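If you want the building blocks of each chain, they are given just below.
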Amino acid sequence: MSDTPPYSPGRIRPRRLRKNQVVRDLVAETHISPSQFIVPHFVLGAENEEKAIPSMPGISELGIENLVKNVSADLKLGIRSVLLFGHPDDATHKTPDGKAAWDQKGAVQRAVRRLKSEFGNDLIVMTDVCLCAYTDHGHCGIVENGYVLNDASLNPLVHTALSHAEAGADVVAPSDMMDGRIAAIRDGLDQGGHENVILLAYAVKYASGYYGPFRDAADSAPDRGDRQGYQMDPRNLLEALREAELDEQEGADILMVKPALAYLDVIQTVRNASTLPLAAYNVSGEYAAVKAAAANGWLDEAKVVRENLMAIRRAGADQIITYHARDAIKGKWL
Ligand code: PBG
Ligand code: ZN
């Protein structure tokens, strides 16, 4: 040991601003409000049913009465937006054209009507618009000779969006990734007198392995092939800008990037390229991975969820669609 004095950083000491919780809160750059959360729900046809989703611990498919209770509890926590998914009660009701998707008696359509009559404008009801849970082949559009047709898939998607709007949905969110569907749906809504229904476009949606648990829940996995012919290639970033720009030109009100965590650079890039509100979808596989590790005691769930959600916000997302919302607020993890 020499007797030279230890090195001193001098005047500038970033640690001053990390001194204690109050100081850290004073200078925190990122905040999340419960009103920015959008909570996905899987709706079942039978009123009082509840069916746990094994690959998504803590999440169940809910019959409409259970859904109302669940949403009511979330409203008390300040969560004011839901995104509804459904599938036919009976898999034999799936057809090549997925027509059960626009059945006014479908679980989603009934849930929309029930939620809007129960909660009115206190709750924003969003619906996922897609065919994959309703087609017998499990693809997001109409299939011919193994190819998912683009233009022929647009009308069924418009019908589906219209059926949701007629039920009273505030927001429709097409997740299919067909070209031109935002324009087609906007025109369909406007012609149907639904010019004030908001269009949240799954503008930048990658062909991802992180959708696995969702496909179990929604019973929407393709029977043959995969979705790489219509969802985006994870290697691409510039393409995200093209997709975002197209959906904006076609009339989207809010853009979305999905998944979120492996695509934080995409969120940031799209944020900087558009002035529209930007949502990010923290998807089922991202949720399942955290839950599984936490259940094994390998990760501290509260810390990791906080980090993940803050990362999504820091990257530039304004709204976060996440299955963690209730736990994060209840546990004061944010
Ligand atoms: C349907 C749809 C999917 C998700 C949302 N809408 C699955 C898919 O495209 O295969 C994924 C949501 C999640 O994983 O949480 N098109
Ligand atoms: Zn789909």
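Please read these numbers as outputs of a predicted model, since none were measured by experiment.

Draft legend 1. Local environment of the site of ligand 1. Near ligand 1 there are 19 residues, and of these Lys 205, Arg 215, Lys 258, Ser 284 and Tyr 323 occur at the shortest range. Contacts to ligand 1 include Lys 205, whose side-chain N or O atom sits 2.6 Å from an oxygen atom. One nitrogen or oxygen atom from the side chain of Arg 227 is found 2.9 Å from an oxygen atom belonging to ligand 1. Look at ligand 1: alone it shows 400 Å² of surface, and the protein chains cover 100% of it. Looking at the shell around ligand 1 residue by residue, the classes come out as eleven nonpolar, three polar and five charged.

Draft legend 2. Geometry of the environment of Leu 44. Tracing the sequence through the fold places Leu 44 in strand β1 (residues 37-44). Put simply, Leu 44 and Cys 130 are 86 residues apart on the chain and 17 Å apart in space, counted from C-alpha to C-alpha. When sequence neighbours within four positions are dropped, the list of residues in contact with Leu 44 reads Glu 49, Glu 50, Lys 51, Glu 61, Leu 62, Gly 63, Ile 64, His 87, Asp 89 and Ala 107.

Draft legend 3. Just helix α9 (residues 284-295), in detail. Compared with an ideal rise of 1.5 Å per residue, which puts twelve residues at 16 Å, α9 spans 16 Å between its outermost C-alpha atoms and is within 8% of the ideal. Every buried residue belonging to α9 is among Ser 284, Gly 285, Glu 286, Tyr 287, Ala 288, Val 290, Lys 291 and Ala 293, and all of these are buried. Backbone geometry just after α9 places Gly 297 at a positive phi near 75 degrees.

Draft legend 4. Layout of the coordination of the zinc ion (ligand 2). Taken together, Cys 130 (SG), Cys 132 (SG) and Cys 140 (SG) make up the protein donors of the zinc ion (ligand 2), found 2.2 to 2.3 Å from the metal. In this structure, the zinc ion (ligand 2) is surrounded by four donor atoms whose angles at the metal cover 101 to 117 degrees, and the resulting shape is tetrahedral. The sequence pattern formed by the donor residues of the zinc ion (ligand 2) is C-x1-C-x7-C. You can call Cys 140 buried: its relative accessible area is 1%.

Thresholds, definitions, all that
- Residues numbered from 1 in each chain as written.
- Chains lettered and ligands numbered in written order.
- Predicted model: local features only at pLDDT ≥ 70, side-chain atom pairs only at ≥ 80, totals over all residues.
- Heavy atoms only, no water.
- Near = heavy atom within 4 Å.
- Polar contact = N/O pair within 3.5 Å; in protein donor to acceptor, adjacent residues only side chain to side chain.
- Areas by Shrake-Rupley, 256 points an atom, 1.4 Å probe, with all protein chains shown as cover.
- Nonpolar A, V, L, I, M, F, W, Y, C, P; charged D, E, K, R; others polar.
- Helix = DSSP H or I, 4+ residues; strand = E, 2+ residues; numbered from the N terminus.
- Contact = heavy atoms within 4.5 Å.
- Expected span 1.5 Å × (residues − 1).
- Buried < 20%, exposed > 50% of the residue type's maximum accessible area, 1.4 Å probe, protein only.
- Donors = N, O, S within 2.8 Å, 3.2 Å for Na, K, Ca; no water.
- Tetrahedral: all angles 85-135°; square planar, octahedral: opposite > 155°, others 65-115°.

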